[in-house]
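# Overview (structure and organization)
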Amino acid sequence: MMRMRMNAANPPTSKSSDMPNAGAVVDWELRPGGMLVQKRNPDSDRDSALAPVVKVRVKYGSSMHEVFISSQATFGELKKQLSALTGLHPQDQKLLFKDKERDNTAYLDLSGVKNRSKIVLLEDPTSQERRYLEMRRNAKMEKAAKSVSEISLEVDNLAGQVSALESLISRGGKVAEKDVLSLSELLMTQLIKLDGIMADGDAKLQRRMQVSRVQKYVETLDLLKIKNATPNGNRQTAVPPSPAPPRQQSPAVLVTTKWETFDATPAAPPSTSTTNSKLNWEFFEETR
(Lines give C-alpha, C1' and ligand atoms only; values in the text may rest on other atoms or scores of the structure.)
Protein backbone atom coordinates (compact mmCIF):
# COMPACT_ATOMS: atom_id res chain seq x y z
CA MET A 1 0.00 0.00 0.00
CA MET A 2 2.82 2.41 0.82
CA ARG A 3 4.49 1.61 -2.46
CA MET A 4 1.33 2.32 -4.40
CA ARG A 5 0.90 5.73 -2.76
CA MET A 6 4.45 6.67 -3.52
CA ASN A 7 4.01 5.70 -7.13
CA ALA A 8 0.82 7.71 -7.33
CA ALA A 9 2.55 10.76 -5.89
CA ASN A 10 5.63 10.32 -8.08
CA PRO A 11 4.49 8.87 -11.39
CA PRO A 12 7.06 6.92 -13.38
CA THR A 13 8.99 8.74 -16.02
CA SER A 14 9.84 7.44 -19.41
CA LYS A 15 13.12 7.71 -21.24
CA SER A 16 13.44 9.77 -24.36
CA SER A 17 13.84 6.58 -26.38
CA ASP A 18 10.48 5.27 -25.15
CA MET A 19 8.43 8.50 -25.73
CA PRO A 20 8.38 10.45 -28.98
CA ASN A 21 7.99 13.83 -27.23
CA ALA A 22 10.77 13.84 -24.68
CA GLY A 23 10.50 16.47 -21.99
CA ALA A 24 6.72 16.93 -22.48
CA VAL A 25 4.57 17.26 -19.38
CA VAL A 26 2.36 14.20 -18.90
CA ASP A 27 -0.72 14.12 -16.69
CA TRP A 28 -1.49 10.89 -14.85
CA GLU A 29 -4.66 9.53 -13.33
CA LEU A 30 -5.41 6.64 -10.99
CA ARG A 31 -8.01 4.19 -12.19
CA PRO A 32 -10.37 2.40 -9.77
CA GLY A 33 -8.32 -0.80 -9.95
CA GLY A 34 -5.22 1.05 -8.71
CA MET A 35 -3.57 1.27 -12.13
CA LEU A 36 -1.80 4.55 -12.88
CA VAL A 37 -2.28 5.56 -16.51
CA GLN A 38 -1.87 8.66 -18.60
CA LYS A 39 -4.80 11.05 -18.18
CA ARG A 40 -7.24 11.00 -21.03
CA ASN A 41 -7.99 14.13 -23.02
CA PRO A 42 -11.73 14.34 -23.72
CA ASP A 43 -11.20 16.70 -26.68
CA SER A 44 -8.85 14.35 -28.52
CA ASP A 45 -10.12 11.64 -30.83
CA ARG A 46 -9.96 8.26 -29.16
CA ASP A 47 -9.46 5.06 -31.05
CA SER A 48 -12.43 3.08 -29.87
CA ALA A 49 -11.25 0.02 -31.75
CA LEU A 50 -8.40 -0.40 -29.28
CA ALA A 51 -10.69 -0.04 -26.23
CA PRO A 52 -12.44 -3.21 -25.03
CA VAL A 53 -16.18 -3.47 -25.53
CA VAL A 54 -18.23 -4.26 -22.44
CA LYS A 55 -21.79 -5.40 -22.02
CA VAL A 56 -23.72 -3.42 -19.44
CA ARG A 57 -27.17 -4.22 -18.14
CA VAL A 58 -29.48 -1.28 -17.83
CA LYS A 59 -32.65 -1.60 -15.75
CA TYR A 60 -35.49 0.69 -16.77
CA GLY A 61 -38.64 0.12 -14.79
CA SER A 62 -39.54 -3.55 -15.16
CA SER A 63 -37.41 -3.98 -18.30
CA MET A 64 -33.78 -4.96 -18.56
CA HIS A 65 -31.71 -3.88 -21.55
CA GLU A 66 -28.27 -5.17 -22.51
CA VAL A 67 -26.05 -2.65 -24.25
CA PHE A 68 -22.67 -3.27 -25.87
CA ILE A 69 -20.51 -0.18 -25.65
CA SER A 70 -16.85 0.81 -25.52
CA SER A 71 -15.40 0.83 -22.04
CA GLN A 72 -13.95 4.28 -22.74
CA ALA A 73 -17.32 5.75 -23.72
CA THR A 74 -19.10 8.34 -21.56
CA PHE A 75 -22.42 8.05 -19.82
CA GLY A 76 -23.75 10.64 -22.26
CA GLU A 77 -22.95 8.31 -25.16
CA LEU A 78 -24.67 5.49 -23.29
CA LYS A 79 -27.79 7.65 -22.95
CA LYS A 80 -27.91 8.10 -26.72
CA GLN A 81 -27.97 4.34 -27.23
CA LEU A 82 -30.59 3.91 -24.54
CA SER A 83 -32.76 6.57 -26.19
CA ALA A 84 -33.12 4.35 -29.27
CA LEU A 85 -34.10 1.38 -27.06
CA THR A 86 -36.46 3.10 -24.62
CA GLY A 87 -37.73 6.11 -26.60
CA LEU A 88 -36.68 8.35 -23.72
CA HIS A 89 -34.90 11.58 -24.68
CA PRO A 90 -31.25 11.69 -23.51
CA GLN A 91 -31.92 14.92 -21.59
CA ASP A 92 -34.72 13.19 -19.67
CA GLN A 93 -32.52 10.29 -18.53
CA LYS A 94 -30.79 9.85 -15.21
CA LEU A 95 -28.22 7.04 -14.94
CA LEU A 96 -27.32 5.59 -11.54
CA PHE A 97 -24.28 3.42 -11.03
CA LYS A 98 -23.59 2.09 -7.55
CA ASP A 99 -26.46 4.25 -6.24
CA LYS A 100 -24.82 7.42 -7.51
CA GLU A 101 -25.94 9.59 -10.39
CA ARG A 102 -23.30 9.87 -13.09
CA ASP A 103 -22.55 12.95 -15.16
CA ASN A 104 -22.75 12.85 -18.95
CA THR A 105 -19.03 13.58 -19.31
CA ALA A 106 -17.92 10.81 -16.92
CA TYR A 107 -16.18 7.81 -18.52
CA LEU A 108 -17.49 4.31 -17.95
CA ASP A 109 -14.15 2.68 -17.17
CA LEU A 110 -12.98 5.49 -14.90
CA SER A 111 -16.23 5.22 -12.98
CA GLY A 112 -15.67 1.48 -12.45
CA VAL A 113 -18.08 0.13 -15.06
CA LYS A 114 -16.98 -3.31 -16.18
CA ASN A 115 -18.38 -6.13 -18.23
CA ARG A 116 -21.94 -7.08 -17.07
CA SER A 117 -22.13 -4.13 -14.70
CA LYS A 118 -25.63 -3.04 -13.73
CA ILE A 119 -26.87 0.49 -14.32
CA VAL A 120 -30.26 1.91 -13.38
CA LEU A 121 -32.09 4.24 -15.73
CA LEU A 122 -34.61 6.72 -14.30
CA GLU A 123 -36.66 9.49 -15.81
CA ASP A 124 -35.67 13.01 -14.78
CA PRO A 125 -38.97 14.89 -14.26
CA THR A 126 -37.26 18.26 -13.78
CA SER A 127 -35.33 18.01 -17.02
CA GLN A 128 -38.36 16.62 -18.78
CA GLU A 129 -40.51 19.58 -17.69
CA ARG A 130 -37.79 22.06 -18.62
CA ARG A 131 -37.42 20.52 -22.05
CA TYR A 132 -41.20 20.49 -22.51
CA LEU A 133 -41.42 24.20 -21.69
CA GLU A 134 -38.55 24.91 -24.06
CA MET A 135 -40.33 23.02 -26.82
CA ARG A 136 -43.53 24.96 -26.21
CA ARG A 137 -41.66 28.27 -26.28
CA ASN A 138 -39.91 27.35 -29.54
CA ALA A 139 -43.18 26.21 -31.09
CA LYS A 140 -44.83 29.47 -30.02
CA MET A 141 -42.04 31.53 -31.54
CA GLU A 142 -42.19 29.57 -34.80
CA LYS A 143 -45.95 30.06 -34.98
CA ALA A 144 -45.61 33.80 -34.34
CA ALA A 145 -42.88 34.14 -36.97
CA LYS A 146 -45.04 32.28 -39.48
CA SER A 147 -48.06 34.51 -38.78
CA VAL A 148 -45.99 37.69 -39.17
CA SER A 149 -44.57 36.39 -42.44
CA GLU A 150 -48.06 35.71 -43.82
CA ILE A 151 -49.26 39.19 -42.83
CA SER A 152 -46.16 40.71 -44.40
CA LEU A 153 -47.06 39.16 -47.77
CA GLU A 154 -50.59 40.54 -47.50
CA VAL A 155 -49.29 44.01 -46.62
CA ASP A 156 -47.00 43.89 -49.67
CA ASN A 157 -50.05 43.30 -51.86
CA LEU A 158 -51.99 46.16 -50.27
CA ALA A 159 -48.96 48.45 -50.54
CA GLY A 160 -49.02 48.01 -54.31
CA GLN A 161 -52.66 49.13 -54.42
CA VAL A 162 -51.86 52.18 -52.30
CA SER A 163 -49.07 53.16 -54.69
CA ALA A 164 -51.41 52.81 -57.68
CA LEU A 165 -54.02 55.11 -56.11
CA GLU A 166 -51.38 57.63 -55.10
CA SER A 167 -50.00 57.75 -58.65
CA LEU A 168 -53.45 58.19 -60.18
CA ILE A 169 -54.60 60.96 -57.82
CA SER A 170 -51.28 62.84 -58.07
CA ARG A 171 -51.80 63.11 -61.86
CA GLY A 172 -55.20 64.74 -61.31
CA GLY A 173 -57.32 61.63 -61.68
CA LYS A 174 -60.39 60.80 -59.63
CA VAL A 175 -61.14 57.50 -57.87
CA ALA A 176 -64.23 56.28 -56.09
CA GLU A 177 -64.20 57.12 -52.40
CA LYS A 178 -65.35 53.61 -51.53
CA ASP A 179 -62.13 52.21 -53.04
CA VAL A 180 -60.03 54.31 -50.71
CA LEU A 181 -62.17 53.37 -47.71
CA SER A 182 -62.10 49.67 -48.59
CA LEU A 183 -58.32 49.69 -48.85
CA SER A 184 -58.05 51.46 -45.48
CA GLU A 185 -60.28 48.83 -43.85
CA LEU A 186 -58.13 46.02 -45.22
CA LEU A 187 -55.01 47.62 -43.78
CA MET A 188 -56.68 48.12 -40.40
CA THR A 189 -57.63 44.42 -40.41
CA GLN A 190 -53.98 43.48 -40.84
CA LEU A 191 -53.09 45.88 -38.02
CA ILE A 192 -55.54 44.11 -35.69
CA LYS A 193 -54.01 40.75 -36.61
CA LEU A 194 -50.53 42.02 -35.80
CA ASP A 195 -51.72 43.36 -32.46
CA GLY A 196 -52.98 39.89 -31.50
CA ILE A 197 -49.62 38.16 -32.08
CA MET A 198 -47.56 37.50 -28.96
CA ALA A 199 -43.94 37.23 -30.06
CA ASP A 200 -40.44 37.39 -28.59
CA GLY A 201 -36.99 37.96 -30.00
CA ASP A 202 -36.71 38.29 -33.77
CA ALA A 203 -40.42 37.64 -34.33
CA LYS A 204 -41.26 40.60 -32.08
CA LEU A 205 -38.96 42.87 -34.09
CA GLN A 206 -40.54 41.75 -37.37
CA ARG A 207 -44.03 42.37 -35.98
CA ARG A 208 -43.06 45.90 -34.94
CA MET A 209 -41.73 46.65 -38.43
CA GLN A 210 -44.96 45.49 -40.06
CA VAL A 211 -47.04 47.62 -37.67
CA SER A 212 -45.05 50.70 -38.71
CA ARG A 213 -45.59 49.87 -42.39
CA VAL A 214 -49.35 49.50 -42.03
CA GLN A 215 -49.66 52.74 -40.07
CA LYS A 216 -47.71 54.61 -42.75
CA TYR A 217 -49.99 53.30 -45.53
CA VAL A 218 -53.13 54.22 -43.57
CA GLU A 219 -51.86 57.79 -43.13
CA THR A 220 -51.12 57.96 -46.87
CA LEU A 221 -54.69 56.90 -47.68
CA ASP A 222 -56.07 59.56 -45.35
CA LEU A 223 -54.18 62.23 -47.28
CA LEU A 224 -55.26 60.77 -50.62
CA LYS A 225 -58.89 60.80 -49.48
CA ILE A 226 -58.70 64.55 -48.79
CA LYS A 227 -56.91 65.25 -52.05
CA ASN A 228 -59.34 63.13 -54.03
CA ALA A 229 -62.33 65.05 -52.62
CA THR A 230 -60.84 68.42 -53.64
CA PRO A 231 -62.12 69.77 -57.03
CA ASN A 232 -59.59 69.72 -59.83
CA GLY A 233 -59.83 73.46 -60.45
CA ASN A 234 -58.99 74.35 -56.89
CA ARG A 235 -56.11 71.94 -56.30
CA GLN A 236 -53.33 74.14 -57.64
CA THR A 237 -55.08 77.51 -58.15
CA ALA A 238 -54.25 80.11 -55.59
CA VAL A 239 -56.68 83.05 -55.13
CA PRO A 240 -54.70 86.29 -55.32
CA PRO A 241 -55.41 88.79 -52.56
CA SER A 242 -57.65 91.75 -53.52
CA PRO A 243 -55.85 95.09 -53.65
CA ALA A 244 -56.47 97.37 -50.71
CA PRO A 245 -58.58 100.52 -51.46
CA PRO A 246 -56.61 103.79 -51.75
CA ARG A 247 -56.43 105.77 -48.58
CA GLN A 248 -58.16 109.15 -48.63
CA GLN A 249 -55.80 111.97 -47.77
CA SER A 250 -57.02 114.91 -45.72
CA PRO A 251 -56.47 118.41 -47.26
CA ALA A 252 -53.14 119.92 -46.45
CA VAL A 253 -53.14 122.72 -43.88
CA LEU A 254 -51.03 125.75 -44.85
CA VAL A 255 -49.45 127.39 -41.86
CA THR A 256 -48.05 130.91 -42.35
CA THR A 257 -46.96 133.70 -40.02
CA LYS A 258 -48.26 137.11 -40.91
CA TRP A 259 -46.37 139.37 -38.58
CA GLU A 260 -47.63 142.42 -40.38
CA THR A 261 -51.25 141.61 -39.63
CA PHE A 262 -50.37 140.91 -36.01
CA ASP A 263 -48.60 144.30 -35.68
CA ALA A 264 -51.46 146.15 -37.37
CA THR A 265 -53.91 145.14 -34.73
CA PRO A 266 -55.17 148.38 -32.96
CA ALA A 267 -54.19 148.80 -29.37
CA ALA A 268 -56.82 148.53 -26.73
CA PRO A 269 -58.24 151.90 -25.49
CA PRO A 270 -57.05 153.04 -22.11
CA SER A 271 -59.21 152.25 -19.17
CA THR A 272 -61.80 154.97 -18.42
CA SER A 273 -61.70 154.22 -14.77
CA THR A 274 -58.15 155.51 -14.48
CA THR A 275 -58.93 158.72 -16.33
CA ASN A 276 -61.96 159.42 -14.32
CA SER A 277 -60.12 158.77 -11.10
CA LYS A 278 -57.42 161.29 -12.07
CA LEU A 279 -59.90 163.91 -12.93
CA ASN A 280 -61.71 163.49 -9.67
CA TRP A 281 -58.57 164.06 -7.64
CA GLU A 282 -57.78 167.21 -9.59
CA PHE A 283 -61.22 168.50 -9.10
CA PHE A 284 -61.08 167.90 -5.35
CA GLU A 285 -57.85 169.89 -4.96
CA GLU A 286 -59.14 172.85 -6.93
CA THR A 287 -62.22 172.96 -4.80
CA ARG A 288 -60.26 173.26 -1.65
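Structure first, text after, so check above.
All values reported here derive from a predicted model rather than from experimental measurement.

## What to know about the overall build of the chain
Of regular secondary structure, the chain possesses seven helices and six strands. Counting across all 288 residues of the chain, residues that qualify as buried make up 24%. Counting contacts in the chain only where the partners sit at least 6 residues apart, residues at least 24 apart contribute 62% of the total.

## Re the pairing of strand β6 (residues 118-123)
Across four bridges, the pairing between strand β3 (residues 53-60) and β6 is parallel. When the sheet's bridge partners are listed, Tyr60 is paired in β6 with Leu121. Relative to β6, strand β5 (residues 93-96) is paired through four bridges, and the arrangement is antiparallel. Its bridge partner being in β6, Lys94 is matched across the sheet by Leu122.

## Re the packing of helix α3 (residues 125-170) against helix α4 (residues 177-195)
Two elements in contact, α3 and α4, have axes whose closest approach is 11 Å; the angle formed by their N-to-C orientations is 155°. Classified by the angle between their axes, α3 and α4 sit roughly antiparallel to one another. For the crossing formed where α3 meets α4, the hand is left-handed. On the side of α3, the interface is formed by Ile151, Glu154, Val155, Leu158, Gln161, Val162 and Leu165, while α4 contributes Val180, Leu183, Leu186, Leu187, Gln190, Lys193 and Leu194. Tallied by class, the residues present in the contact of α3 with α4 amount to ten nonpolar, two polar and two charged.

## What to know about the environment of Met198
Its place among the elements puts Met198 in the loop between α4 and α5 (202-229). A relative accessible area of 61% places Met198 in the exposed class. Taking C-alpha positions, Met198 is 6.8 Å from Ala144, a pair spaced 54 residues apart along the chain.

## Examining the sheet that holds β3
With mixed pairing, four strands are arranged side by side in an open sheet as β4-β3-β6-β5. Only two strands of the sheet have a single neighbouring strand rather than two, namely β4 (63-70) and β5. This sheet shows a mean twist of 30° between the axes of neighbouring strands, independent of strand direction. With eight bridges joining them, β3 and β4 adopt antiparallel strand pairing. In the sheet register, Val54 faces β4, and the bridge partner there is Ile69. Along the sheet, helix α2 (residues 75-86) contacts β3, β4, β5 and β6; its crossing angle with β4, the most-contacted strand, is approximately 135°.

## With respect to α4
Here α4 contains 19 residues, and its C-alpha end-to-end distance of 27 Å stays within 8% of the 27 Å for a straight helix at 1.5 Å per residue. Taken together, the buried positions of α4 are Val180, Leu183, Ser184, Leu187, Gln190, Leu191 and Leu194. Within α4, the buried residues cover an arc of 120° as seen down the axis, which keeps them to one side. Along α4, exposed side chains directed more than 90 degrees from the buried face belong to Lys178, Glu185 and Ile192. Here the buried face of α4 lies against α3 and α5.

## Section: the pattern of salt bridges
If charged atoms from side chains of opposite charge come close, those side chains can pair. Tallying each qualifying case throughout the model produces five salt bridges. Between Arg137 and Glu134 there is a salt bridge, with its nearest N and O atoms 3.2 Å apart. With a gap of three residues between them, Arg137 and Glu134 both fall in helix α3, about one helical turn apart.

What counts and what doesn't
- Residues numbered from 1 in each chain as written.
- Predicted model: local features only at pLDDT ≥ 70, side-chain atom pairs only at ≥ 80, totals over all residues.
- Heavy atoms only, no water.
- Helix = DSSP H or I, 4+ residues; strand = E, 2+ residues; numbered from the N terminus.
- Buried < 20%, exposed > 50% of the residue type's maximum accessible area, 1.4 Å probe, protein only.
- Contact = heavy atoms within 4.5 Å.
- Pairing = 2+ DSSP bridges.
- Axes fitted to C-alpha atoms, helices over the stretch in contact; angles between N-to-C directions.
- Parallel < 35°, antiparallel > 145°, perpendicular 65-115°, else oblique.
- Left-handed = near helix turned anticlockwise from the far one by under 90°.
- Nonpolar A, V, L, I, M, F, W, Y, C, P; charged D, E, K, R; others polar.
- Expected span 1.5 Å × (residues − 1).
- Arc of directions from axis to C-beta.
- Salt bridge = Lys/Arg side-chain N within 4 Å of Asp/Glu carboxyl O.

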